[in-house]
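Single-letter residue listing:
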Amino acid sequence: MEQARAAALVLAVQREGRDLEAAREAEADRALARVVGLCGGVGEVGATLSFTFWVEKGALTQVAYQEERGGERAGRPVDAEGLARVLRHVFRDYLGRRTGEVVLRLRREEARWAVDYDATHQGARPAEARTLPVRTQGTPANTFLAFHELAGRWSSAVQVPAGGAARVEFEVRLEDGRLAGWELREVQRTREGPGGSSRPLSPEVAGHLVQALLPFTEGLGTRTVHVVLGAEHRLGETQARGRVESARVGRPVQPPGPNWYLSMHEATLLRWREGVVEGSAWLAQRGVEELALWFALGIIAKGLGFFATEGLEWVTRALGREPEVVAGWLRTALKRLSKEERATFEQLWRKVALEGEQALGRSERKTLRGLFVRLEQAVQEPLNVDLKNVLRQDARKYYTELYPQLAEILEKQGGNFPIHHRRPLQYAHLFPDENVNAGENLAMLQKYVHEEINFLWGRFRTARPNPTADEVRRAAEIIDRQFEPWYHRANEPPGLLKTAEQAREAALRELRSRFPGFD
């Protein structure tokens, strides 16, 4: 069911009137500009630049970059516009129509770049690969500035021996299109100089680093880009030179969720990438009902450490499960908050998912954690009459989606076929980390069978006015055992040797034997 919900959300994005051809062209233009920009800083004849993309439905996700040095001889200036014309044809007419991994290679010649590409490698689809082209130009200003700040701090931390050379390795952590952090891994001297004080990297190195890394922000999810930079100092110069030799996305051992889950995240994120105001408005039209699975992915991706708040027990248990289970729990649990509290939660969590945790101010962070504390309290409180009615309506709607073969009879004869909660709503607070509207807790029944079951639960309430969760669970198991043949059926079970009245009496006998004092 969660997969179907995700597919519906992705389809809504695809059908909402987006100009797909314009988005494809924007993808090609962004990639083209970045490739031409990196070529502009290379003058050595024989140098080779390689760009590896995953291409799908017009979306270009760069997954690797490599630069190989040429000779010492510098070639003549290259006509950048001429190179752009060639690359535009490659990106728009060839790469943009393929699906799979493509390696684009450019080799510096005397006065031009020779362009070639290879689409023969059959690699697996990367977890960060996109399938929806984005119609936007360039890089968001906040991302651009974040990378410039990073490059400045990073380059100031590296020193190259005078007259020598060094190999620098570091990692950049990304979350969707945002910079999440970086770590300098190793600085290895590859050539010693004649001596003297070490030299800092020139500002041009930081600029080149930004150029090489920005294309990787086009991907999805949390990932790490491993970067190797070669640096050298030439005697007589005040600062060291440097170029990115390679950059590649590290492959996690296990992708963070199934592909359909990431597809829904991409569809939701697309609205943000194509326009902050428009994207926010689009999301605001959809509450937690539609976006629960997307919220669940974001919560799981952040890790439970994000919610390390004193007093949380049931919430952390619920959030520690599979994305589909977390989504269902959120749908029902958040209904226990007030309308204002739900709106605040949705607003803050959208901000975390779209802009990153660092976008939250101190008061917003405190408010979000406070909402989870409030949720911890709410899921342990008995449901009121109004909330029970809302959850019954939700259960009926969900059950219809879960069993489409029964949808027609539920629509035409709904009053004759109630949706039964196997563990009643009255006891939902005894199972605070479980979704009371989960599919396994629901069953369609004929009305007269439901009345027999309600009779049994009425006797249980009299005998156990304050039951434990274990007592409710055992009573539900007894009732299920006797009435399961009638579950999910619009007619009498074939070949059944007992009536509903006999099933009721058998359940009564078992309840009396299991619960002393049961009348």
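Residues numbered from 1 in each chain as written. Predicted model: local features only at pLDDT ≥ 70, side-chain atom pairs only at ≥ 80, totals over all residues. Heavy atoms only, no water.

Caption draft 1: Representation of the overall build of the protein chain within the structure. Within the protein chain, the secondary structure is distributed over 17 helices and 12 strands. Its C-alpha atoms give the protein chain a radius of gyration of 30 Å, more than 25% over the compact-globule value 24 Å for 519 residues. Overall, the C-alpha framework of the protein chain stretches about 100 × 50 × 40 Å when taken along its three principal axes. Taken over 519 residues, the protein chain has a buried fraction of 49%. Taking the intrachain contacts of the protein chain between residues at least 6 apart in sequence as the baseline, contacts between residues at least 24 apart amount to 74%. Of the roughly 24300 Å² of accessible surface on the protein chain, 49% is carried by carbon and sulfur atoms. (Helix = DSSP H or I, 4+ residues; strand = E, 2+ residues; numbered from the N terminus. Rg over C-alpha atoms; globule rule 2.2 N^0.38 Å. Buried < 20%, exposed > 50% of the residue type's maximum accessible area, 1.4 Å probe, protein only. Contact = heavy atoms within 4.5 Å. Areas by Shrake-Rupley, 256 points an atom, 1.4 Å probe, with all protein chains shown as cover.)

Caption draft 2: Representation of helix H3 (residues 80-94) in the model. The terminal C-alpha atoms of H3, which comprises 15 residues, lie 20 Å apart, in line with the 21 Å expected from a rise of 1.5 Å per residue. Of all the positions in H3, only Gly82, Leu83, Ala84, Leu87, Val90 and Phe91 are classed as buried. Lining the buried residues of H3 we find helix H2 (20-39), strand E1 (48-56), strand E2 (59-68), strand E3 (100-108) and strand E4 (113-118). Two or three places before Glu81, at the opening of H3, Asp79 has a side-chain oxygen 3.2 Å from that residue's backbone nitrogen. (Expected span 1.5 Å × (residues − 1). Polar contact = N/O pair within 3.5 Å; in protein donor to acceptor, adjacent residues only side chain to side chain.)

Caption draft 3: Layout of the sheet that holds strand E6 (residues 165-175). With respect to topology, eight strands assemble into an open sheet ordered E4-E3-E1-E2-E10-E9-E6-E7, the strand pairing being antiparallel. This sheet does not close on itself; its edge strands, each paired only once, are E4 and strand E7 (178-191). The average angle at which neighbouring strand axes cross in this sheet is 25°, direction not considered. (Pairing = 2+ DSSP bridges. Axes fitted to C-alpha atoms, helices over the stretch in contact; angles between N-to-C directions.)

Caption draft 4: Focus on the packing of aromatic side chains. Counted by the stated rule, this structure contains 12 aromatic pairs. With 5.3 Å between their ring centres and 80° between their planes, Trp457 and Phe460 make a pair best called edge-to-face. Residue Trp457 and its partner Phe460 are both found in helix H15 (residues 447-463); the two are separated by three residues, about one turn of the helix. With respect to class, Trp457 is no different from Phe460; both count as buried. Over the face of the ring belonging to Phe431 we find Arg423, whose NZ or CZ atom lies 4.3 Å from the ring centre. (Phe/Tyr/Trp six-rings, centres within 6.5 Å; stacked < 30°, edge-to-face > 60°. Lys NZ or Arg CZ within 6 Å of the ring centre and 35° of its normal.)

Caption draft 5: Quick look at the confidence of the model for the protein chain. Looking at the protein chain as a whole, the pLDDT averages 87, with 94% of positions reaching at least 70. The weakest mean pLDDT in the protein chain belongs to helix H7 (residues 276-284) at 59; the strongest belongs to strand E11 (residues 419-421) at 97. (pLDDT = per-residue confidence, 0-100.)

Caption draft 6: Representation of unusual backbone geometry. Phi angles above zero are rare outside glycine, and Lys57 is one such case at about 55°. Considering the arrangement of structural elements, one finds Lys57 in the loop between E1 and E2. Take Lys57: its relative accessible area is 45%, and that puts it in the partly exposed class. Residue His488 is not a glycine yet carries a positive backbone phi of 60°. The residue His488 is located in the loop between helix H16 (469-483) and helix H17 (500-514) in this model. Judged by its relative accessible area of 28%, His488 falls in the partly exposed class.

Caption draft 7: Main features of the pairing of E6. Summarising burial for E6: eight of the 11 residues are buried, a large majority. Here E6 runs beside E7; their pairing, made up of 11 bridges, is antiparallel. Pairing of Leu174 across the sheet is with Leu179, part of E7. Count of turn residues in the E6/E7 antiparallel hairpin: two residues, of which Asp176 carries a positive phi of about 55°. As paired strands, E6 and strand E9 (residues 222-232) are joined by 11 bridges and run antiparallel to one another. From the neighbouring strand, Arg173 faces E9, where its bridge partner is Thr224.

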